[in-house]
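# Examining the three-dimensional arrangement
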Amino acid sequence: MPRAESFDDTYFSKAGGLAETQHVFLAGNGLPERFQGRDSFTIAEFGFGTGLNFLATLLAARAMAAAPKLTFVSFELYPMSADQLAKALAAFPEMSDVADELGAVWAPVEGWTRISLPGADLLLGVGDARQLIRDLQTGNSDCIDGGQAIEPIDAWYLDGFSPAKNPELWDLDLMTAAANLTAADGTLATYTSAGWVRRNLQEAGFSVRKVKGFAGKREMVVGQKTAIERPS
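This report concerns the structure included in the present document. Everything numeric here is computed off the predicted structure, so don't read it as measured data.

## Examining the nonpolar core
Counting residues in hydrophobic clusters, the biggest one holds 70 residues, and the most contacted among them are Phe 46, Phe 54, Leu 102, Leu 122 and Trp 156. Among the elements that take part in this core, helix α2 (residues 52-62) stands out by supplying seven residues, more than any other. Ignoring sequence-local partners within four residues, the contact set of Leu 122 consists of Phe 48, Phe 54, Phe 72, Ser 74, Leu 102, Trp 106, Thr 113, Arg 114 and Ile 115.

Right, here's the structure in full:
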């Protein structure tokens, strides 16, 4: 079980990391059903960790007859080494092929790195998400994707460590920045149902609700971008 010493927390559930990802982040965002009929789809995530969420999403898309091209934007303060990544992902032999694909090109550096795999572009931001997200906000995308603008975010995976241990990834300013980058019908999902996190999400511009959590966790949260009511 890989553990982040900086945050005294594990990277995924002991009850089954892949099943947790599928329940919380894919199903919580209506995926892969929302891929239907789309040419492209953009997902963003706070906390790349072991890459499990990215790889599970890519496998779900590859299983479809006609999947959209995925853009996966992920923020990570402390990226694993290639050896650490391989060791962590070895817990999921059903993902070994795609894990090997990622490992073969895994070379994160501070700032932005573009990693292309068949069916998806991973845009990995190494550093403080509160700083890096400004690149997306200001349109400074030349440092992200060769000057090509990032499409609005269709789904958020809010997968920082426990809010009690890593509150910076759940603060109001960061959630507001996320909401501002989100498509009109964009969604979010997170394993946490902490009250202050829900309030921050609501104030930022998302409508949220609690649903059944994974395994022994009673509740998790899903949400959608709040429609802006304009005067007639």
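So, next bit.
## Things to note about helix α4 (residues 96-105)
Among the residues making up α4, those that are buried are Val 98, Ala 99 and Leu 102. Axial view of α4: buried residues confined to an arc of 105°, hence all on one face. Of the exposed residues in α4, those oriented more than 90 degrees away from the buried face are Asp 97, Asp 100 and Ala 104. Those residues of α4 that are buried are in contact with α2, α3 (82-89), β5 (111-117) and β6 (120-126).

## What to know about the packing of aromatic side chains
Counted by the stated rule, this structure contains 10 aromatic pairs. With centroids separated by 6.1 Å and ring planes inclined at 90°, the aromatic side chains of Trp 170 and Tyr 191 adopt a geometry described as edge-to-face. With Trp 170 in the loop between β7 (153-158) and α7 (172-180) and Tyr 191 in the loop between β8 (182-190) and α8 (195-204), the pair connects residues that are 21 residues apart, well separated along the chain. The exposure class of Trp 170 is buried, given its relative accessible area of 1%.

## Thoughts on the pattern of salt bridges
Applying the stated criterion to the full structure yields seven salt bridges. With a closest N to O distance of 3.1 Å, Arg 38 and Asp 154 form a salt bridge. Of the two residues, Arg 38 sits in the loop between α1 (17-26) and β3 (40-46) while Asp 154 sits in strand β7, which places them 116 residues apart along the sequence. Judged by relative accessible area, which is 30%, Arg 38 ranks as partly exposed. Accessibility expressed as a relative area gives 6% for Asp 154, which makes it buried. Between Asp 128 and Arg 130 there is a salt bridge, with its nearest N and O atoms 2.8 Å apart.

## Section: unusual backbone geometry
For the bond running from Leu 31 to Pro 32, omega is 10°, close enough to zero to count as cis. Within the secondary structure, Pro 32 is located in the loop between α1 and β3.

Definitions and limits used
Residues numbered from 1 in each chain as written. Predicted model: local features only at pLDDT ≥ 70, side-chain atom pairs only at ≥ 80, totals over all residues. Heavy atoms only, no water. Core = buried A, V, L, I, M, F, W, Y, C linked by side-chain atoms within 4.5 Å. Buried < 20%, exposed > 50% of the residue type's maximum accessible area, 1.4 Å probe, protein only. Helix = DSSP H or I, 4+ residues; strand = E, 2+ residues; numbered from the N terminus. Contact = heavy atoms within 4.5 Å. Arc of directions from axis to C-beta. Phe/Tyr/Trp six-rings, centres within 6.5 Å; stacked < 30°, edge-to-face > 60°. Salt bridge = Lys/Arg side-chain N within 4 Å of Asp/Glu carboxyl O.

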